[in-house]
Amino acid sequence: MILAATEENISKAAAVIRAGGLVAFPTETVYGLGANALSDSAVRSIYAVKERPRTNPLIVHISEFSALSTVALVDNPTTKQQLDALKQFWPGPLSVVLPKQPGISAIASAGLDTVAVRVPAHPCSLAIIRASGVPIAAPSANAFAAISPTTAQHVADSLGDKIDLIIDGGPCRVGLESTVLSLVDSPPRLLRPGAVTKEQLSQVLGEVSSGHVHGEAETSQLSPGLLKRHYAPRTPLRFRANFDESNLPERTGLISFGEPDNRTAFYRVLVLPEDDLSEAARNLFQALHELDHANLDLILVDRCEESGIGAAIMDRLNRAVDNDVDQ
Ligand code: AMP
Ligand code: MG
């Protein structure tokens, strides 16, 4: 079921994709669940396996910038200029939303006339896309609204018995899903923060908007990453700052940025570095997975600085915590 990322196994993975099957594979962001983006039935099975609402579009992965026109319409002069400026981030953790080529499955784009596309920076994903010879639609390889996988084992735990193959390329380097930027909005609009930061995008594009200009409901449909509770563990998760620590359940876990002042108050403590938020991002989902499997009553988590990649970390944490509970 889990195979090492050897040349032979990459050929196997490509054959599964070509035959309409599902392969989980590593990218630099998180593990993806890939299917042939040109095939409605292959893409439909991604939604079925993840139990993901069909209204939530997927990201289509290609192996090089020059293949972009096979997925999206890129003739508009402004779009061309913008793409030229964004080229430096590819391969990498940036997805752009563009008008869709008709050949791409309408299921992958949830019936929208736009498509999100990126070139991943992981040699293994690139090899699978090249060997399969088709663009690959791939959301994160986890059940809908659960924590994204950053190791092959995370994928196996969540979807192992439902998919054809898992390729193991080790833990993901970035650890958070890609930045999603819409180029069909003017100015370009940040739909999901990620490792390519809003600051970096503004530097090359000028003004970049973000936020909920279309209203919460519509935005959620466009962007599953924007749903209210997402990236969530099964164990109750709350922000530490909002919690009365004199009244902790016995088995309380803590994810803190920097060494906590009262470590002994907690049953389990995982420390993420507060002075290296890229490293913190890399380990965040692993920490959530680990504590979610530790039989805890409650997980508390710190907030971090919201600049640079910290904005993406806080975005995920804000969606992962139990918002329904009065805090
Ligand atoms: P996931 O595949 O689970 O990482 O989530 C896919 C992400 O892609 C969502 O958060 C959306 O923001 C984005 N996305 C994909 N296609 C589109 C599209 N056509 N328009 C807007 N956002 C999209
Ligand atoms: Mg996802």
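See the structure above.
First things first, this report covers the structure right here in the doc. (Residues numbered from 1 in each chain as written. Chains lettered and ligands numbered in written order. Predicted model: local features only at pLDDT ≥ 70, side-chain atom pairs only at ≥ 80, totals over all residues. Heavy atoms only, no water.)

## Section: the pattern of salt bridges
Okay, step 1: Per the counting criterion, the structure on display carries eleven salt bridges.
Okay, step 2: Here arginine 118 ties to glutamate 28 by a salt bridge, and the two come within 2.8 Å at their closest N and O atoms. Here arginine 118 is found in strand β6 (residues 114-118), whereas its partner glutamate 28 is found in the loop between β2 (23-25) and β3 (32-36), with 90 residues between them in sequence.
Okay, step 3: A residue is classified by how much of its surface remains accessible, and arginine 118, at 2% relative accessible area, is buried.
Okay, step 4: Note that arginine 234 and aspartate 292 form a salt bridge whose closest N and O atoms lie 3.5 Å from each other. Highlighted residues: arginine 234 in the loop between α7 (216-222) and β12 (237-239) and aspartate 292 in helix α8 (residues 277-292), separated in sequence by 58 residues.
Okay, step 5: Judged by relative accessible area, which is 12%, aspartate 292 ranks as buried.
Okay, step 6: The structure contains a network of salt bridges with shared partners spanning Glu177, Asp315, Arg316 and Arg319. (Salt bridge = Lys/Arg side-chain N within 4 Å of Asp/Glu carboxyl O. Helix = DSSP H or I, 4+ residues; strand = E, 2+ residues; numbered from the N terminus. Buried < 20%, exposed > 50% of the residue type's maximum accessible area, 1.4 Å probe, protein only.)

## Digging into the packing of helix α1 (residues 7-18) against helix α4 (residues 123-132)
Okay, step 1: Relative orientation of the contacting elements α1 and α4 amounts to 55°, with a least axis distance of 8 Å. It follows from the interaxial angle that α1 and α4 lie oblique. The handedness of the crossing between α1 and α4 is right-handed. Residues Ile10, Ala13, Ala14, Ile17 and Arg18 of α1 form the contact with α4, whose participating residues are Cys124, Ala127, Ile128, Ala131 and Ser132.
Okay, step 2: Considering only residue class, the contact of α1 with α4 consists of eight nonpolar, one polar and one charged. (Axes fitted to C-alpha atoms, helices over the stretch in contact; angles between N-to-C directions. Parallel < 35°, antiparallel > 145°, perpendicular 65-115°, else oblique. Left-handed = near helix turned anticlockwise from the far one by under 90°. Contact = heavy atoms within 4.5 Å. Nonpolar A, V, L, I, M, F, W, Y, C, P; charged D, E, K, R; others polar.)

## Looking at the pairing of strand β9 (residues 179-182)
Okay, step 1: Side chains of β9 alternate between two faces, with Thr179 and Leu181 and Val180 and Ser182 buried alike.
Okay, step 2: Bridge analysis of strand β5 (residues 94-99) against β9 gives four bridges, and the strand direction is parallel. Bridging across to β9, leucine 94 finds its partner in threonine 179.
Okay, step 3: As paired strands, β9 and strand β10 (residues 189-192) are joined by three bridges and run antiparallel to one another. Bridging from a neighbouring strand, valine 180 pairs with arginine 192 of β10. (Pairing = 2+ DSSP bridges.)

## With respect to unusual backbone geometry
Okay, step 1: Going from tryptophan 90 to proline 91, the amide bond is cis rather than trans, its omega being -10°.
Okay, step 2: One can find proline 91 in the loop between α3 (77-86) and β5.
Okay, step 3: In the Ramachandran plot, asparagine 295 falls in the positive-phi region, its phi being about 60° despite a non-glycine side chain.
Okay, step 4: Within the secondary structure, asparagine 295 sits in the loop between α8 and β15 (298-301).
Okay, step 5: For asparagine 295, a relative accessible area of 62% corresponds to the exposed category.

## Considerations on the nonpolar core
Okay, step 1: Residues Leu33, Leu86, Leu94, Val96, Leu98, Ile163 and Leu201 are the most contacted members of the largest nonpolar core, which totals 48 residues.
Okay, step 2: For this core, the elements supplying multiple residues, two or more each, are β3, α2 (40-50), α3, β5, β6, α5 (152-159) and α6 (198-205).
Okay, step 3: Per-element tally for this core: the top contributor is α2, with five residues.
Okay, step 4: What valine 96 contacts, discounting residues up to four positions off in sequence, is Leu83, Leu86, Trp90, Val115, Ala116, Val117, Leu181 and Leu183.
Okay, step 5: The next biggest cluster of nonpolar side chains, apart from the first, holds 30 residues, and it includes Leu237, Ile255, Phe285 and Val301. (Core = buried A, V, L, I, M, F, W, Y, C linked by side-chain atoms within 4.5 Å.)

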